[in-house]
There are 2 protein chains.
Amino acid sequence: MKPFTHLRQFDIPEASLRRLPIYYRILQEMDSTPGSHVSCTNLAKVLGLDPTQVRKDIELTGIVGKPKVGYPLTDLLHWIEDFLGWNRPKHAVLAGAGSLGAALLGYERFRNHGMEILAAFDTDAKKIGTRIHGTKVEPMLLLPAYVRRKQILLGVIATPAAAAQAVADQMIAGGIRAIWNFAPAHITVPPQVILQNEDLYYSLASLSFKLETRLGVQPVRERILICKK
Amino acid sequence: MKPFTHLRQFDIPEASLRRLPIYYRILQEMDSTPGSHVSCTNLAKVLGLDPTQVRKDIELTGIVGKPKVGYPLTDLLHWIEDFLGWNRPKHAVLAGAGSLGAALLGYERFRNHGMEILAAFDTDAKKIGTRIHGTKVEPMLLLPAYVRRKQILLGVIATPAAAAQAVADQMIAGGIRAIWNFAPAHITVPPQVILQNEDLYYSLASLSFKLETRLGVQPVRERILICKK
């Protein structure tokens, strides 16, 4: 049985990993005059979060603050960048240069957030040889060799669902160690490969459900009571 | 202080809401001959999950299974669809018809997953009046009136970060009750509005961190030990 690798546990809580970039964004908007400090209490207030939680998250980066003063703002920014690996861009390839692939190539700031897409791959002869947002589109067939030659570890999948598993297999054959999957497909990978699914249908399901609950379309509690009888 | 609304708790665990569509996809790939059944154990095995967890998730929909037999496959599909609201498409508007907006308009299956984007809005005169994947692009100025007239409750933001808050405000002024935000910006909304952030930088942070940990670039445990001294 193949495990669902993106559900596997890591040392750091997923929620903390998702909050750190939020702190980073808020910090960037704050006063950055040399010597200015920020406290967890302060940051927690802006975000409406629990200060203890914010402190725990920030301490994960290894930075040590001063009681009642907090952290030097520029230092904290640097510790978060370093912890998240944003100052060590990892080379990546993109498979699928359709409208979603093109949108991903347009995210200029990926480069400042730890990822640089070196090349895109597609099976469509019309796309091969063109450049999208400056990145060249290569024939899909060349993907494993390219990945191996450049020792690329990160692969982004933006193909149609039907092609996703085959593309993942090719990436892994070339040496890819982490896959960011945007195709709405259930793909399986060996245990040594990290898989992160970015499925917008799942996400929409959650939003749609919350909206219905809020509007009273979903009598959630009643349902559960009925179900438990 | 404005709360970070997407962190607010709902009755149903977020993780369950995200697993139900996964079950749905697997079920769709299974044998659908009339009368075929599926058990939680079976589904759990395919996904490498705990059967008790799968049972709990599925029971949320209200469906009642038969011991040792499980659920009729087609019934289970229907209960999940109904629970997630996929059979009740909600009208939506999209703000921002750039490459990401265009990619979202290309997600044909949103319609089968509870959302139908009726119109796109942009400030770019070159885009206004055109159609992207069949959806007309209207001037951004008309958004609040359009939303009000059509009584639309769901808004999707795919504008640049700098425009996101103003667009959210306009959506809310028109009566939008749930915002799906793809702009890499921290936006605030009143408590009655549901906000779901789909920030790819956050997501990349998590993937990048996991890859580094796996490769040994991140000596996580050592760091934490140092930090706790």
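Here, every reference points to the structure presented above.
Just so it is clear, the structure is predicted and the values come from calculations on it, not from any experiment.

Reading the values: the criteria
Residues numbered from 1 in each chain as written. Chains lettered and ligands numbered in written order. Predicted model: local features only at pLDDT ≥ 70, side-chain atom pairs only at ≥ 80, totals over all residues. Heavy atoms only, no water. Contact = heavy atoms within 4.5 Å. Buried area = accessible area lost by both parts, 1.4 Å probe. Salt bridge = Lys/Arg side-chain N within 4 Å of Asp/Glu carboxyl O. Polar contact = N/O pair within 3.5 Å; in protein donor to acceptor, adjacent residues only side chain to side chain. Nonpolar A, V, L, I, M, F, W, Y, C, P; charged D, E, K, R; others polar. Pairing = 2+ DSSP bridges. Helix = DSSP H or I, 4+ residues; strand = E, 2+ residues; numbered from the N terminus. Axes fitted to C-alpha atoms, helices over the stretch in contact; angles between N-to-C directions. Buried < 20%, exposed > 50% of the residue type's maximum accessible area, 1.4 Å probe, protein only. Right-handed = clockwise from strand over helix to strand, strands pointing away.

Draft legend 1. Quick peek at the interface of chain B and chain A. In this assembly, 82 residues from chain B lie in contact with 82 residues from chain A. A buried area of about 8,200 Å², summed over both sides, lies between chain B and chain A, and 64% of it is on carbon and sulfur atoms. Along the contact surface separating chain B from chain A lie six salt bridges. Between glutamate 212 of chain B and arginine 88 of chain A there is a salt bridge, and its shortest N-O distance comes to 2.7 Å. Along the contact surface separating chain B from chain A lie 25 residue pairs in polar contact (both at pLDDT 80 or more). Split by residue class, the side of chain B that touches chain A holds 47 nonpolar, 15 polar and 20 charged.

Draft legend 2. Highlighting the sheet that holds strand β7 (residues 154-157) of chain B. Pairing in this open sheet of seven strands is mixed, and the strands run β5-β6-β4-β3-β7-β8-β9 (chain B) from one edge to the other. Each edge of the open sheet carries a strand with a single partner, namely β5 (131-132) and β9 (194-197) of chain B. For β5 of chain B and strand β6 (residues 135-139) of chain B, the ladder comprises two bridges, and the chain directions are antiparallel. Along β6 of chain B, the bridge assignment pairs isoleucine 132 of chain B with threonine 135 of chain B. Taken strand by strand, helix α8 (residues 200-215) of chain A contacts β3 (90-95), β4 (115-122), β7, β8 (178-181) and β9 of chain B, and its axis lies near 170° from that of β9 of chain B.

Draft legend 3. Quick peek at the pairing of β3 of chain B. All names here are of chain B. For β3, a buried count of five out of six residues is recorded, marking the element as mostly surrounded by other parts of the structure. Pairing of β3 with β4, which is carried by six bridges, proceeds in the parallel orientation. Counted as the bridge partner of histidine 91 is glutamate 116 from β4. A crossover connection joins β3 to the parallel β4 through helix α5 (residues 99-105); in handedness this β-α-β unit is right-handed. Here four bridges tie β3 to β7, and the two strands are oriented parallel to one another. Bridge pairing links valine 93 to glycine 155 in β7.

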